[in-house]
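Architecture and fold: a report
Below, each chain spelled out in residue letters.
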Amino acid sequence: MRILILVLFIGLSGGKAQGAQMPAEFVATALTAYGDIFPGQEQTNAICLLEVVGQKFVKLVVQAEPAELAEAESENNLIELLWAPVDYFLAFIDKISLGYGLLYYLALLACFFLFNIASVVMVTVVSNWFFNRKEAYYKSKRKEIIEIVSPYFYDVLDPEEEAELVEKLEKYKRLKDKQIVIDVLIEGKRNFIGESSGKIKELYEILDLHKVSLRKVRMGNWYRRSIGLRELAFLGRKGFKNEIKKYINDDHQYVRTEAVLSYMLLDEKNPFGFLRELKYSFVRWDSLSIYYTMYFNGIEPPPMVDMLKHPDPQVRLFLLRMISNYNQLDAVKEVTKYLLDDDPEIRQEAVITLRSLEYYRIKALMKKRYADEIEPVRMEILRSMKHFIEDHDITFLEERVRKGSFGEVFEAVRILYRFSGYGEQRLWVLNQELQGKIEVFIKHVVEPRNKHVA
(Lines give C-alpha, C1' and ligand atoms only; values in the text may rest on other atoms or scores of the structure.)
Protein backbone atom coordinates (compact mmCIF):
# COMPACT_ATOMS: atom_id res chain seq x y z
CA MET A 1 0.00 0.00 0.00
CA ARG A 2 2.79 2.44 0.96
CA ILE A 3 4.83 1.66 -2.14
CA LEU A 4 1.70 2.16 -4.24
CA ILE A 5 1.16 5.59 -2.64
CA LEU A 6 4.76 6.52 -3.44
CA VAL A 7 4.43 5.40 -7.06
CA LEU A 8 1.29 7.51 -7.36
CA PHE A 9 3.26 10.40 -5.88
CA ILE A 10 5.79 9.99 -8.68
CA GLY A 11 3.05 10.11 -11.30
CA LEU A 12 1.39 13.15 -9.75
CA SER A 13 4.66 15.01 -9.14
CA GLY A 14 6.15 14.30 -12.55
CA GLY A 15 5.28 17.71 -13.94
CA LYS A 16 7.56 19.31 -11.37
CA ALA A 17 10.65 17.42 -12.48
CA GLN A 18 11.12 19.78 -15.50
CA GLY A 19 13.41 17.30 -17.24
CA ALA A 20 16.58 18.58 -15.51
CA GLN A 21 16.12 16.63 -12.33
CA MET A 22 18.10 13.36 -12.31
CA PRO A 23 16.61 10.12 -10.98
CA ALA A 24 18.74 10.24 -7.83
CA GLU A 25 17.62 13.80 -7.08
CA PHE A 26 14.03 12.80 -7.82
CA VAL A 27 14.31 9.92 -5.34
CA ALA A 28 15.72 12.26 -2.72
CA THR A 29 12.82 14.68 -3.20
CA ALA A 30 10.31 11.83 -2.91
CA LEU A 31 11.90 10.42 0.24
CA THR A 32 12.12 13.87 1.81
CA ALA A 33 8.40 14.37 1.24
CA TYR A 34 7.39 10.86 2.33
CA GLY A 35 10.35 9.75 4.44
CA ASP A 36 8.28 8.93 7.47
CA ILE A 37 6.24 6.41 5.46
CA PHE A 38 9.21 4.07 4.74
CA PRO A 39 11.15 3.03 7.84
CA GLY A 40 14.03 0.57 7.72
CA GLN A 41 14.25 -1.99 4.92
CA GLU A 42 11.15 -0.63 3.18
CA GLN A 43 13.05 2.59 2.44
CA THR A 44 15.77 0.63 0.59
CA ASN A 45 13.12 -1.23 -1.47
CA ALA A 46 11.37 2.04 -2.24
CA ILE A 47 14.65 3.65 -3.41
CA CYS A 48 15.24 0.80 -5.89
CA LEU A 49 11.71 1.08 -7.21
CA LEU A 50 11.88 4.86 -7.48
CA GLU A 51 15.22 4.78 -9.33
CA VAL A 52 13.76 2.52 -12.03
CA VAL A 53 10.54 4.54 -12.36
CA GLY A 54 12.46 7.83 -12.16
CA GLN A 55 14.83 6.85 -15.00
CA LYS A 56 11.93 5.96 -17.27
CA PHE A 57 10.10 9.12 -16.28
CA VAL A 58 13.10 11.40 -16.97
CA LYS A 59 13.70 9.67 -20.32
CA LEU A 60 10.13 10.43 -21.33
CA VAL A 61 10.34 14.04 -20.13
CA VAL A 62 13.67 14.79 -21.83
CA GLN A 63 12.50 13.38 -25.18
CA ALA A 64 9.15 15.18 -25.04
CA GLU A 65 8.40 18.27 -27.10
CA PRO A 66 7.55 21.59 -25.33
CA ALA A 67 3.87 21.34 -26.44
CA GLU A 68 3.67 17.82 -25.16
CA LEU A 69 5.28 18.89 -21.91
CA ALA A 70 2.70 21.69 -21.47
CA GLU A 71 -0.14 19.32 -22.19
CA ALA A 72 1.25 16.72 -19.81
CA GLU A 73 1.75 19.38 -17.12
CA SER A 74 -1.86 20.56 -17.44
CA GLU A 75 -3.09 16.97 -17.25
CA ASN A 76 -0.94 16.32 -14.18
CA ASN A 77 -2.25 19.47 -12.51
CA LEU A 78 -5.79 18.26 -13.09
CA ILE A 79 -4.93 14.83 -11.70
CA GLU A 80 -3.29 16.48 -8.68
CA LEU A 81 -6.43 18.48 -8.06
CA LEU A 82 -8.65 15.38 -8.28
CA TRP A 83 -6.32 13.21 -6.24
CA ALA A 84 -5.71 15.76 -3.46
CA PRO A 85 -8.77 14.74 -1.32
CA VAL A 86 -7.75 11.09 -1.54
CA ASP A 87 -4.18 12.00 -0.64
CA TYR A 88 -5.29 14.00 2.40
CA PHE A 89 -7.63 11.21 3.44
CA LEU A 90 -4.90 8.55 3.30
CA ALA A 91 -2.52 10.84 5.18
CA PHE A 92 -5.18 11.36 7.87
CA ILE A 93 -5.71 7.61 8.18
CA ASP A 94 -1.98 7.06 8.44
CA LYS A 95 -1.68 9.62 11.25
CA ILE A 96 -4.50 8.22 13.37
CA SER A 97 -3.12 4.68 12.95
CA LEU A 98 0.06 5.74 14.91
CA GLY A 99 2.23 3.63 12.65
CA TYR A 100 0.36 0.36 13.34
CA GLY A 101 -0.74 -1.48 10.20
CA LEU A 102 -3.74 -3.11 11.90
CA LEU A 103 -5.11 0.22 13.13
CA TYR A 104 -4.57 1.67 9.67
CA TYR A 105 -6.78 -0.93 8.00
CA LEU A 106 -9.36 -0.85 10.81
CA ALA A 107 -9.66 2.93 10.44
CA LEU A 108 -10.00 2.53 6.66
CA LEU A 109 -12.69 -0.11 7.15
CA ALA A 110 -14.58 2.07 9.65
CA CYS A 111 -14.58 4.97 7.22
CA PHE A 112 -15.82 2.65 4.50
CA PHE A 113 -18.79 1.53 6.65
CA LEU A 114 -19.56 5.11 7.62
CA PHE A 115 -19.58 6.01 3.95
CA ASN A 116 -22.00 3.14 3.23
CA ILE A 117 -24.34 4.23 6.03
CA ALA A 118 -24.27 7.81 4.80
CA SER A 119 -25.02 6.61 1.25
CA VAL A 120 -28.00 4.53 2.40
CA VAL A 121 -29.41 7.42 4.42
CA MET A 122 -28.97 9.80 1.52
CA VAL A 123 -30.60 7.42 -0.97
CA THR A 124 -33.52 6.83 1.43
CA VAL A 125 -34.09 10.54 1.99
CA VAL A 126 -33.93 11.35 -1.72
CA SER A 127 -36.21 8.41 -2.63
CA ASN A 128 -38.79 9.47 -0.02
CA TRP A 129 -38.66 13.00 -1.31
CA PHE A 130 -39.33 11.86 -4.88
CA PHE A 131 -42.07 9.47 -3.75
CA ASN A 132 -43.84 12.10 -1.62
CA ARG A 133 -43.60 14.61 -4.44
CA LYS A 134 -45.07 12.11 -6.90
CA GLU A 135 -47.84 11.16 -4.46
CA ALA A 136 -48.71 14.80 -3.80
CA TYR A 137 -48.85 15.47 -7.53
CA TYR A 138 -51.13 12.48 -8.11
CA LYS A 139 -53.53 13.50 -5.31
CA SER A 140 -53.76 17.11 -6.45
CA LYS A 141 -54.34 16.16 -10.10
CA ARG A 142 -56.87 13.49 -9.17
CA LYS A 143 -58.84 15.95 -7.07
CA GLU A 144 -58.73 18.47 -9.90
CA ILE A 145 -59.94 15.93 -12.49
CA ILE A 146 -62.72 14.63 -10.23
CA GLU A 147 -64.07 18.18 -9.88
CA ILE A 148 -64.16 18.49 -13.68
CA VAL A 149 -65.72 15.07 -14.32
CA SER A 150 -68.25 14.93 -11.45
CA PRO A 151 -70.99 16.91 -13.27
CA TYR A 152 -70.68 14.44 -16.15
CA PHE A 153 -71.42 11.57 -13.73
CA TYR A 154 -74.21 13.11 -11.69
CA ASP A 155 -75.88 15.84 -13.77
CA VAL A 156 -77.65 16.04 -17.10
CA LEU A 157 -75.51 18.32 -19.26
CA ASP A 158 -76.44 20.01 -22.50
CA PRO A 159 -74.15 19.59 -25.54
CA GLU A 160 -72.31 22.87 -24.91
CA GLU A 161 -71.51 21.95 -21.33
CA GLU A 162 -70.31 18.51 -22.39
CA ALA A 163 -68.08 20.07 -25.06
CA GLU A 164 -66.62 22.44 -22.45
CA LEU A 165 -65.95 19.54 -20.08
CA VAL A 166 -64.23 17.55 -22.82
CA GLU A 167 -62.14 20.61 -23.74
CA LYS A 168 -60.93 20.92 -20.15
CA LEU A 169 -59.95 17.26 -20.02
CA GLU A 170 -58.14 17.44 -23.36
CA LYS A 171 -55.70 19.92 -21.81
CA TYR A 172 -54.13 17.05 -19.92
CA LYS A 173 -51.58 16.09 -22.55
CA ARG A 174 -48.94 14.45 -20.40
CA LEU A 175 -49.04 10.67 -20.24
CA LYS A 176 -49.17 10.54 -16.44
CA ASP A 177 -52.06 13.02 -16.42
CA LYS A 178 -53.96 10.88 -18.92
CA GLN A 179 -53.38 7.88 -16.67
CA ILE A 180 -54.94 9.76 -13.75
CA VAL A 181 -57.98 10.51 -15.94
CA ILE A 182 -58.25 6.78 -16.77
CA ASP A 183 -58.04 5.86 -13.06
CA VAL A 184 -60.84 8.30 -12.24
CA LEU A 185 -63.02 6.90 -15.03
CA ILE A 186 -62.44 3.29 -13.88
CA GLU A 187 -63.39 4.26 -10.35
CA GLY A 188 -66.56 5.86 -11.70
CA LYS A 189 -67.32 2.82 -13.85
CA ARG A 190 -67.18 0.57 -10.79
CA ASN A 191 -69.59 2.80 -8.88
CA PHE A 192 -72.14 3.50 -11.62
CA ILE A 193 -74.39 1.33 -13.75
CA GLY A 194 -76.85 1.99 -16.53
CA GLU A 195 -76.71 5.28 -18.43
CA SER A 196 -73.88 6.77 -16.36
CA SER A 197 -71.74 3.72 -17.04
CA GLY A 198 -72.31 4.13 -20.79
CA LYS A 199 -71.40 7.82 -20.63
CA ILE A 200 -68.09 6.97 -18.95
CA LYS A 201 -67.22 4.64 -21.83
CA GLU A 202 -68.12 7.37 -24.34
CA LEU A 203 -65.83 9.84 -22.57
CA TYR A 204 -63.02 7.27 -22.66
CA GLU A 205 -63.42 7.06 -26.44
CA ILE A 206 -63.82 10.82 -27.03
CA LEU A 207 -60.58 11.60 -25.18
CA ASP A 208 -58.72 8.88 -27.13
CA LEU A 209 -57.65 7.31 -23.86
CA HIS A 210 -58.04 3.85 -25.41
CA LYS A 211 -54.84 4.61 -27.33
CA VAL A 212 -52.98 4.86 -24.01
CA SER A 213 -54.35 1.48 -22.95
CA LEU A 214 -53.56 -0.12 -26.30
CA ARG A 215 -50.02 1.20 -26.11
CA LYS A 216 -49.58 -0.54 -22.75
CA VAL A 217 -50.97 -3.78 -24.14
CA ARG A 218 -48.74 -3.76 -27.23
CA MET A 219 -45.49 -2.31 -25.88
CA GLY A 220 -45.36 -2.76 -22.11
CA ASN A 221 -43.99 -5.45 -19.83
CA TRP A 222 -46.31 -8.12 -18.39
CA TYR A 223 -47.60 -5.81 -15.66
CA ARG A 224 -48.38 -2.93 -18.01
CA ARG A 225 -50.02 -5.33 -20.48
CA SER A 226 -52.25 -6.64 -17.70
CA ILE A 227 -53.25 -3.10 -16.65
CA GLY A 228 -53.93 -2.15 -20.27
CA LEU A 229 -56.17 -5.17 -20.79
CA ARG A 230 -58.12 -4.35 -17.63
CA GLU A 231 -58.63 -0.76 -18.77
CA LEU A 232 -59.92 -1.89 -22.16
CA ALA A 233 -62.32 -4.32 -20.46
CA PHE A 234 -63.77 -1.76 -18.05
CA LEU A 235 -63.89 1.26 -20.33
CA GLY A 236 -63.59 0.00 -23.91
CA ARG A 237 -66.22 -1.01 -26.41
CA LYS A 238 -66.97 -4.56 -27.51
CA GLY A 239 -64.82 -4.06 -30.60
CA PHE A 240 -61.70 -4.44 -28.47
CA LYS A 241 -62.59 -8.09 -27.87
CA ASN A 242 -60.56 -9.19 -30.89
CA GLU A 243 -57.53 -7.26 -29.66
CA ILE A 244 -57.83 -8.86 -26.23
CA LYS A 245 -58.24 -12.33 -27.74
CA LYS A 246 -54.63 -12.18 -29.00
CA TYR A 247 -53.35 -12.32 -25.42
CA ILE A 248 -55.40 -15.30 -24.20
CA ASN A 249 -52.36 -17.48 -25.03
CA ASP A 250 -49.69 -15.00 -23.93
CA ASP A 251 -46.42 -16.38 -22.57
CA HIS A 252 -47.04 -14.84 -19.14
CA GLN A 253 -49.60 -16.45 -16.84
CA TYR A 254 -50.90 -13.16 -15.37
CA VAL A 255 -51.42 -11.63 -18.81
CA ARG A 256 -53.36 -14.72 -19.92
CA THR A 257 -55.59 -14.53 -16.84
CA GLU A 258 -56.25 -10.82 -17.33
CA ALA A 259 -57.02 -11.38 -21.02
CA VAL A 260 -59.54 -14.10 -20.13
CA LEU A 261 -61.31 -11.90 -17.57
CA SER A 262 -61.30 -8.94 -19.95
CA TYR A 263 -62.72 -11.06 -22.76
CA MET A 264 -65.59 -12.17 -20.52
CA LEU A 265 -66.49 -8.59 -19.65
CA LEU A 266 -66.73 -7.63 -23.32
CA ASP A 267 -68.59 -10.71 -24.60
CA GLU A 268 -71.93 -10.92 -22.83
CA LYS A 269 -73.46 -13.45 -25.25
CA ASN A 270 -70.77 -16.08 -24.92
CA PRO A 271 -68.38 -15.17 -22.06
CA PHE A 272 -66.79 -18.64 -22.19
CA GLY A 273 -65.95 -18.36 -25.88
CA PHE A 274 -62.29 -17.96 -24.96
CA LEU A 275 -62.17 -21.64 -23.92
CA ARG A 276 -62.04 -22.71 -27.56
CA GLU A 277 -58.95 -20.54 -28.08
CA LEU A 278 -56.94 -21.87 -25.14
CA LYS A 279 -53.60 -23.50 -25.88
CA TYR A 280 -52.13 -23.37 -22.38
CA SER A 281 -53.29 -25.56 -19.51
CA PHE A 282 -56.12 -24.10 -17.46
CA VAL A 283 -55.18 -23.59 -13.79
CA ARG A 284 -57.39 -23.71 -10.69
CA TRP A 285 -56.69 -20.07 -9.88
CA ASP A 286 -58.16 -19.05 -13.25
CA SER A 287 -61.44 -20.81 -12.48
CA LEU A 288 -61.77 -18.96 -9.17
CA SER A 289 -61.02 -15.61 -10.83
CA ILE A 290 -63.59 -16.29 -13.55
CA TYR A 291 -66.27 -17.26 -11.05
CA TYR A 292 -65.82 -14.11 -8.95
CA THR A 293 -65.66 -11.90 -12.06
CA MET A 294 -68.99 -13.35 -13.19
CA TYR A 295 -70.50 -12.99 -9.74
CA PHE A 296 -69.51 -9.38 -9.10
CA ASN A 297 -70.25 -8.16 -12.64
CA GLY A 298 -73.57 -9.94 -13.02
CA ILE A 299 -72.48 -12.01 -16.03
CA GLU A 300 -74.95 -14.74 -16.92
CA PRO A 301 -73.29 -18.11 -17.62
CA PRO A 302 -73.77 -19.60 -21.09
CA PRO A 303 -74.93 -23.21 -21.66
CA MET A 304 -71.97 -25.40 -20.88
CA VAL A 305 -73.11 -28.84 -22.06
CA ASP A 306 -71.41 -28.62 -25.46
CA MET A 307 -68.14 -27.35 -23.98
CA LEU A 308 -67.78 -30.36 -21.63
CA LYS A 309 -66.00 -32.20 -24.42
CA HIS A 310 -63.02 -29.85 -24.20
CA PRO A 311 -59.72 -31.79 -24.48
CA ASP A 312 -58.15 -30.06 -21.45
CA PRO A 313 -59.17 -31.93 -18.25
CA GLN A 314 -58.75 -28.74 -16.20
CA VAL A 315 -61.30 -26.99 -18.40
CA ARG A 316 -63.73 -29.90 -17.92
CA LEU A 317 -63.27 -29.65 -14.15
CA PHE A 318 -63.95 -25.93 -14.32
CA LEU A 319 -67.14 -26.46 -16.35
CA LEU A 320 -68.39 -29.13 -13.94
CA ARG A 321 -67.93 -26.69 -11.05
CA MET A 322 -69.71 -23.92 -12.95
CA ILE A 323 -72.63 -26.28 -13.75
CA SER A 324 -72.88 -27.02 -10.04
CA ASN A 325 -72.62 -23.36 -8.96
CA TYR A 326 -75.22 -22.16 -11.46
CA ASN A 327 -77.52 -25.18 -11.07
CA GLN A 328 -77.72 -26.01 -14.80
CA LEU A 329 -80.06 -29.00 -14.63
CA ASP A 330 -80.11 -29.42 -18.40
CA ALA A 331 -76.50 -30.68 -18.17
CA VAL A 332 -77.31 -33.63 -15.85
CA LYS A 333 -77.26 -36.36 -18.52
CA GLU A 334 -73.98 -35.13 -19.95
CA VAL A 335 -72.41 -34.88 -16.48
CA THR A 336 -73.49 -38.48 -15.71
CA LYS A 337 -71.26 -39.70 -18.56
CA TYR A 338 -68.24 -38.36 -16.69
CA LEU A 339 -68.75 -40.88 -13.90
CA LEU A 340 -67.00 -43.23 -16.34
CA ASP A 341 -64.20 -40.82 -17.30
CA ASP A 342 -60.60 -42.06 -17.29
CA ASP A 343 -59.47 -39.21 -15.02
CA PRO A 344 -60.34 -39.97 -11.34
CA GLU A 345 -60.40 -36.25 -10.49
CA ILE A 346 -63.09 -35.67 -13.12
CA ARG A 347 -65.11 -38.65 -11.82
CA GLN A 348 -64.87 -37.21 -8.33
CA GLU A 349 -66.03 -33.76 -9.52
CA ALA A 350 -68.89 -35.37 -11.48
CA VAL A 351 -70.14 -37.04 -8.27
CA ILE A 352 -70.01 -33.69 -6.43
CA THR A 353 -71.84 -31.92 -9.28
CA LEU A 354 -74.62 -34.52 -9.46
CA ARG A 355 -75.01 -34.36 -5.70
CA SER A 356 -75.40 -30.57 -5.79
CA LEU A 357 -77.96 -30.93 -8.60
CA GLU A 358 -79.82 -33.50 -6.45
CA TYR A 359 -79.91 -36.03 -9.24
CA TYR A 360 -80.75 -39.23 -7.38
CA ARG A 361 -81.16 -41.58 -10.31
CA ILE A 362 -77.46 -42.28 -10.53
CA LYS A 363 -77.34 -43.87 -7.05
CA ALA A 364 -77.39 -47.39 -8.47
CA LEU A 365 -74.50 -46.60 -10.84
CA MET A 366 -72.47 -45.07 -8.00
CA LYS A 367 -72.99 -48.13 -5.79
CA LYS A 368 -72.08 -50.43 -8.68
CA ARG A 369 -68.81 -48.61 -9.38
CA TYR A 370 -67.92 -48.12 -5.71
CA ALA A 371 -65.62 -51.13 -5.37
CA ASP A 372 -63.58 -50.16 -8.45
CA GLU A 373 -63.04 -46.52 -7.43
CA ILE A 374 -60.11 -44.91 -5.63
CA GLU A 375 -60.69 -43.67 -2.08
CA PRO A 376 -61.33 -39.93 -2.81
CA VAL A 377 -64.12 -40.89 -5.24
CA ARG A 378 -65.49 -43.42 -2.75
CA MET A 379 -65.67 -40.74 -0.06
CA GLU A 380 -67.69 -38.47 -2.35
CA ILE A 381 -70.06 -41.32 -3.20
CA LEU A 382 -70.64 -41.94 0.51
CA ARG A 383 -71.24 -38.23 1.15
CA SER A 384 -73.77 -38.30 -1.67
CA MET A 385 -75.55 -41.29 -0.16
CA LYS A 386 -76.72 -39.33 2.87
CA HIS A 387 -78.90 -37.16 0.59
CA PHE A 388 -80.87 -40.06 -0.88
CA ILE A 389 -80.43 -43.04 1.49
CA GLU A 390 -83.27 -45.58 1.65
CA ASP A 391 -83.89 -48.75 3.67
CA HIS A 392 -82.31 -51.04 1.11
CA ASP A 393 -79.09 -48.96 1.23
CA ILE A 394 -78.39 -49.96 4.86
CA THR A 395 -76.78 -53.21 3.80
CA PHE A 396 -74.41 -51.28 1.50
CA LEU A 397 -73.42 -48.93 4.34
CA GLU A 398 -72.95 -51.76 6.83
CA GLU A 399 -70.53 -53.39 4.40
CA ARG A 400 -68.53 -50.13 4.38
CA VAL A 401 -68.42 -50.18 8.19
CA ARG A 402 -67.06 -53.73 8.17
CA LYS A 403 -64.47 -53.46 5.40
CA GLY A 404 -63.85 -49.79 4.71
CA SER A 405 -60.90 -47.56 5.48
CA PHE A 406 -60.87 -45.20 8.44
CA GLY A 407 -62.55 -42.40 6.46
CA GLU A 408 -65.14 -44.74 4.94
CA VAL A 409 -66.06 -46.21 8.34
CA PHE A 410 -66.45 -42.77 9.86
CA GLU A 411 -68.62 -41.51 6.96
CA ALA A 412 -70.80 -44.66 6.98
CA VAL A 413 -71.33 -44.40 10.75
CA ARG A 414 -72.41 -40.78 10.41
CA ILE A 415 -74.90 -41.61 7.63
CA LEU A 416 -76.45 -44.54 9.54
CA TYR A 417 -76.78 -42.47 12.69
CA ARG A 418 -78.54 -39.65 10.83
CA PHE A 419 -80.78 -41.97 8.85
CA SER A 420 -83.14 -43.06 11.66
CA GLY A 421 -83.40 -44.70 15.05
CA TYR A 422 -83.10 -48.03 13.26
CA GLY A 423 -79.79 -46.96 11.82
CA GLU A 424 -78.47 -46.14 15.30
CA GLN A 425 -79.60 -49.56 16.55
CA ARG A 426 -77.78 -51.24 13.68
CA LEU A 427 -74.61 -49.39 14.66
CA TRP A 428 -74.60 -50.91 18.16
CA VAL A 429 -75.31 -54.34 16.71
CA LEU A 430 -72.37 -53.90 14.32
CA ASN A 431 -70.19 -52.78 17.22
CA GLN A 432 -70.87 -56.04 19.06
CA GLU A 433 -70.24 -57.99 15.88
CA LEU A 434 -66.89 -56.22 15.40
CA GLN A 435 -65.95 -56.60 19.08
CA GLY A 436 -66.15 -52.88 19.92
CA LYS A 437 -63.97 -51.64 17.03
CA ILE A 438 -66.41 -48.91 16.01
CA GLU A 439 -67.43 -47.81 19.52
CA VAL A 440 -65.16 -44.75 19.30
CA PHE A 441 -66.83 -43.69 16.02
CA ILE A 442 -70.33 -44.11 17.48
CA LYS A 443 -69.50 -42.14 20.65
CA HIS A 444 -68.01 -39.34 18.55
CA VAL A 445 -71.16 -39.10 16.40
CA VAL A 446 -73.55 -39.39 19.38
CA GLU A 447 -71.75 -36.67 21.35
CA PRO A 448 -74.07 -33.58 21.40
CA ARG A 449 -71.15 -31.24 20.75
CA ASN A 450 -70.54 -33.04 17.46
CA LYS A 451 -74.08 -32.82 16.12
CA HIS A 452 -73.02 -30.30 13.52
CA VAL A 453 -70.46 -32.86 12.29
CA ALA A 454 -72.91 -35.73 12.23
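Everything below is about the structure shown above.
Rules used in this analysis
Residues numbered from 1 in each chain as written. Predicted model: local features only at pLDDT ≥ 70, side-chain atom pairs only at ≥ 80, totals over all residues. Heavy atoms only, no water. Salt bridge = Lys/Arg side-chain N within 4 Å of Asp/Glu carboxyl O. Helix = DSSP H or I, 4+ residues; strand = E, 2+ residues; numbered from the N terminus. Buried < 20%, exposed > 50% of the residue type's maximum accessible area, 1.4 Å probe, protein only. Expected span 1.5 Å × (residues − 1). Contact = heavy atoms within 4.5 Å. Phe/Tyr/Trp six-rings, centres within 6.5 Å; stacked < 30°, edge-to-face > 60°. Lys NZ or Arg CZ within 6 Å of the ring centre and 35° of its normal. Polar contact = N/O pair within 3.5 Å; in protein donor to acceptor, adjacent residues only side chain to side chain. Core = buried A, V, L, I, M, F, W, Y, C linked by side-chain atoms within 4.5 Å. Axes fitted to C-alpha atoms, helices over the stretch in contact; angles between N-to-C directions. Parallel < 35°, antiparallel > 145°, perpendicular 65-115°, else oblique. Left-handed = near helix turned anticlockwise from the far one by under 90°. Nonpolar A, V, L, I, M, F, W, Y, C, P; charged D, E, K, R; others polar.

This paragraph deals with the pattern of salt bridges. Counting across every chain of the model gives 27 salt bridges. Between arginine 383 and glutamate 411 there is a salt bridge, with its nearest N and O atoms 3.8 Å apart. Taken as a pair, arginine 383 in helix H18 (residues 375-385) and glutamate 411 in helix H20 (residues 406-419) lie far apart in primary sequence, 28 residues in all. Using a relative accessible area of 28% as the deciding quantity, one classes arginine 383 as partly exposed.

This paragraph deals with H20. Between its first and last C-alpha atoms H20 spans 20 Å; for 14 residues at 1.5 Å apiece the expected length is 20 Å, and the two agree. Those residues of H20 not exposed but buried are Glu408, Val409, Glu411, Ala412, Val413, Arg414, Ile415 and Leu416. Those residues of H20 hidden inside the fold are in contact with H18, helix H19 (394-403), helix H21 (421-433) and helix H22 (439-446).

In total, this model carries 15 aromatic pairs according to the counting rule given. Between tryptophan 129 and phenylalanine 130 the ring centres are 4.9 Å apart and the planes differ by 75°, which places this aromatic pair in the edge-to-face class. An aromatic cluster is defined as three or more aromatic residues linked by ring pairs; in this entry it consists of Tyr291, Tyr292, Tyr295, Phe296 and Tyr326. The residue whose ring lies beneath lysine 176 is tyrosine 137, and the NZ or CZ to ring-centre distance is 4.3 Å. Directly above the ring of phenylalanine 240 sits arginine 237, whose terminal nitrogen or CZ lies 4.6 Å from the centroid.

A few words now on the side chain of aspartate 393. With respect to the element layout, aspartate 393 can be found in the loop between H18 and H19. At 2.8 Å, the side chain of aspartate 393 forms a polar contact with the backbone nitrogen of glutamate 390. Look past the residues within four positions of aspartate 393 in its chain and what remains in contact with it is Lys363, Lys367, Met385 and Phe388.

Of all hydrophobic cores here, the largest spans 94 residues; its most connected members are Leu185, Phe272, Phe274, Leu275 and Ile290. For leucine 185, the residues in contact, after removing those within four places along its chain, are Val149, Phe153, Ile200, Leu203, Tyr204, Leu209 and Leu235.

Moving on: helix H16 (residues 344-356). Compared with an ideal rise of 1.5 Å per residue, which puts 13 residues at 18 Å, H16 spans 19 Å between its outermost C-alpha atoms and is within 8% of the ideal. Buried residues in H16 make contact with helix H14 (313-325), helix H15 (332-337), helix H17 (363-369) and H18. One or two positions beyond H16, positive phi appears at glutamate 358, with a value near 55°.

This part covers the packing of helix H7 (residues 175-191) against helix H10 (residues 222-235). Put simply, H7 and H10 touch, their axes get as near as 10 Å, and they point 50° apart. Overall, the two elements H7 and H10 adopt an arrangement that is oblique. For the element pair H7 and H10, the recorded crossing hand is left-handed. Every residue of H10 that contacts H7 at Gln179, Ile182, Leu185, Ile186, Lys189 and Arg190 is listed here: Arg230, Glu231, Phe234 and Leu235. Residue composition of the contact of H7 with H10, by class: 5 nonpolar, 1 polar and 4 charged.

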